[in-house]
Structures are given as C-alpha cells and as structure tokens.
Amino acid sequence: MGFLDGLMGNASEVNAQEVQKEFERVLAPSERIEKAYRLIRDMFIFTNKRLILVDKQGLTGKKVEYHSIPYKNITHFSIETAGSFDLDAELKIWISGNALPLQKQFNKNLNIYELQSVLAEYVLK
C-alpha cells in the first residue's frame, strides 16, 4: 500500500498469515484469518467466524480497540468497483441495529470481487 493511498482513505490487502500471528491473542482457538486489510494504522480482518475492526488510537497507537461483528449480524452488503476516473473501490456493510452502513474504501489494485466473495461465503451461511 502506498502512503498516498492511505492518506486518501484507501485500504490495501496484507498477508493473512502474518496477521494471524500478530492477532493470535484476539482470535478464538479454531478461528483463522481469511483476508486482512490495512488503512494506515487501522485494520479490518475477515475471519472464518466474524469481522474484526482494529482501531489504533492516539499518537502512539498503543491504545487499540477491537470491534467484533459476527457475520450473522450483517444484514446486507454492497460493493462498488473502481472506474476510469474514480480510482477507488468501496465496500458497504449494513449491521443489524444500525441505519447507516460501515463503509471502507480500497485502492484500485485490490480485487473487490474477491473480498465480496469471502464476505458472501460467511454472511450467506
């Protein structure tokens, strides 16, 4: 991920095996990371059981909030692909009890269809 992409609000995919090691304290024993995306310091992680939003706070980023969303609470989602002039793709996720969707942007190099496929696999169970 380029620094400029991060500043523009675009997330990029990171290696799931590395994230698995980094977040093993947060994961359940049978939980595995399917996909992970970084946005400067923050991350969102798709596991086989839930979506985890990682929010690093403060100047140093030592304070971290882990927000866990079970897939069963996701009511629907949408993707928007990058265009010729619009250089980012977007994912919107609606969570039960919230009127507004959770929105994430990705750089154009990310395969948004692959991300949608992972999410669909777990939400549609």
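Residue numbers run consecutively from 1 along every chain, following the written order of its sequence. Since the coordinates come from a predicted model, pLDDT governs what is reported: local features require at least 70, and pairs of side-chain atoms require 80 or more to be given and counted, while whole-chain, interface and lining totals use all residues. To get the side-chain values, take all heavy atoms of the structure and skip hydrogens and water.

1. A word on the packing of aromatic side chains
Stage number 1. Pairing of aromatic side chains here covers Phe, Tyr and the six-membered ring of Trp, requires ring centres within 6.5 Å, and sorts the geometry by plane angle: under 30 degrees stacked, over 60 edge-to-face, intermediate tilted. Within the structure shown, the criterion is met by five aromatic pairs.
Stage number 2. Arranged with centres 5.2 Å apart and planes meeting at 15°, the rings of Tyr71 and Tyr122 form a pair that is stacked. One end of the pair, Tyr71, is in the loop between strand E5 (63–70) and strand E6 (74–80); the other, Tyr122, is in helix H3 (residues 112–123), and 51 residues separate them in sequence. Of the two residues examined, Tyr71 and Tyr122, each falls in the buried class.
Stage number 3. Feature note: the residues Tyr37, Phe44 and Phe46 constitute an aromatic cluster, connected by ring pairs. Comment: elements are numbered from the N terminus, with helices defined as DSSP H or I runs of at least four residues and strands as E runs of at least two. Using a 1.4 Å probe on the protein chains alone, a residue whose accessible area is under 20% of its type maximum counts as buried, one over 50% counts as exposed, and one in between counts as partly exposed.

2. Topic: the pattern of salt bridges
Stage number 1. Only one rule defines a salt bridge in this text: a Lys or Arg side-chain nitrogen within 4 Å of an Asp or Glu carboxyl oxygen. Throughout the structure, instances matching the rule amount to four salt bridges.
Stage number 2. Among the ionic pairs, Glu31 bridges to Arg50, the shortest N-O distance being 2.7 Å. With a gap of 19 residues between them, Glu31 in the loop between helix H2 (16–22) and strand E2 (33–39) and Arg50 in strand E4 (residues 50–57) connect regions that are remote in the sequence. When sorted by exposure, Glu31 lands in the same class as Arg50, which is buried.
Stage number 3. The partner of Arg32 in a salt bridge is Glu34, with the nearest N and O atoms 3.0 Å apart.
Stage number 4. With relative accessibility at 44%, the residue Arg32 sits in the partly exposed group.
Stage number 5. Taken together, the salt bridges that share partners define one network made up of Glu13, Lys35 and Glu114.

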